[in-house]
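Listed here are the chains, written in short residue letters.
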Amino acid sequence: MDKKLDPLLHNELRLSIMSLLVSVESAEFGYLLEKTAASKGNLSVQLSKLKDADYIVVTKSFKKNMPLTTCSISKKGEQAFKGYVNQISKYLKL
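Reading the values: rules and limits
- Residues numbered from 1 in each chain as written.
- Predicted model: local features only at pLDDT ≥ 70, side-chain atom pairs only at ≥ 80, totals over all residues.
- Heavy atoms only, no water.
- Helix = DSSP H or I, 4+ residues; strand = E, 2+ residues; numbered from the N terminus.
- Buried < 20%, exposed > 50% of the residue type's maximum accessible area, 1.4 Å probe, protein only.
- Contact = heavy atoms within 4.5 Å.
- Areas by Shrake-Rupley, 256 points an atom, 1.4 Å probe, with all protein chains shown as cover.
- Lys, Arg positive; Asp, Glu negative; His and termini not counted.
- Charge placed at Lys NZ, Arg CZ, Asp CG, Glu CD.
- Arc of directions from axis to C-beta.
- Polar contact = N/O pair within 3.5 Å; in protein donor to acceptor, adjacent residues only side chain to side chain.
- Salt bridge = Lys/Arg side-chain N within 4 Å of Asp/Glu carboxyl O.

Engineer: So what's going on with the overall build of the chain? Which residues, and what values?
Structural biologist: Looking only at helices and strands, the chain features four helices and three strands. Helices and strands appear in the chain in the N-to-C order α-β-α-α-β-β-α. A burial count over the chain gives 38% of its 94 residues as buried. The long-range fraction of contacts in the chain, counting pairs at least 24 apart against all pairs at least 6 apart in sequence, stands at 56%. If you sum the accessible surface of the chain, you get close to 6300 Å²; carbon and sulfur atoms cover 53% of it. Looking at charge distribution, the chain has the averaged site of its 15 positive side-chain charges lying 1 Å from that of its 9 negative ones.

Engineer: Break down the environment of K93 for me, with residues and values.
Structural biologist: Here K93 lies in the segment after α4 (75-92). Since its relative accessible area comes to 68%, K93 is described here as exposed. For the pair K93 and A37, spaced 56 residues apart in sequence, the C-alpha to C-alpha distance is 30 Å.

Engineer: So what about helix α1 (residues 12-21)? Which residues, and what values?
Structural biologist: Within the sequence span of α1, burial applies to L13, R14, I17, M18, L20 and L21. The buried residues of α1 all sit within an arc of 160 degrees when viewed along its axis, so they share a single face. On the buried face of α1, the contacting elements are β1 (27-28), α2 (29-36), α3 (40-52), β2 (56-63), β3 (66-73) and α4. Two to three positions downstream of the cap, the backbone nitrogen of L13 sits 3.0 Å from a side-chain oxygen, assigning the N-cap of α1 to N11.

Engineer: Give a detailed account of the environment of T59, specifying residues and quantitative values.
Structural biologist: On the secondary structure map, T59 appears in strand β2. Sequence separation of T59 and E28 is 31 residues, and the distance between their C-alpha atoms is 9.4 Å. For T59, the residues in contact, after removing those within four places along its chain, are L68, T69 and T70.

Engineer: Any details on the pattern of salt bridges? Residues and values, ideally.
Structural biologist: Following the criterion strictly, the structure yields two salt bridges and no others. Notably, a salt bridge pairs E28 with K63, separated by 3.5 Å at the nearest N-O pair. Of the two residues, E28 sits in strand β1 while K63 sits in strand β2, which places them 35 residues apart along the sequence. Of the charged contacts, one joins E78 and K82 as a salt bridge, the two residues approaching to 3.4 Å between their closest N and O atoms. One end of the pair is E78 and the other is K82, both in helix α4 and four residues apart, which spans about a single turn. For E78, a relative accessible area of 24% gives the class partly exposed. Accessibility expressed as a relative area gives 53% for K82, which makes it exposed.

In structure tokens form, the structure reads like this:
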């Protein structure tokens, strides 16, 4: 194979996050926490890495006076995810 897998997505938790976000308009931090079974700290770190790469958009707001973090996949993130899935399919010869 001449093209390498995206190292940012070749991480179990980040790949899980992207897999969840690609199928929804947006997701709250609590939803991602529940679905990934990650710790709050680890999820926060991985969301920051994805945000820094412009793969996701993180919005901070309030819901009933409580902080609310909402995440959505960006166009760049969607393209990266599709490219990753395509590349892994080639590796697996699917």
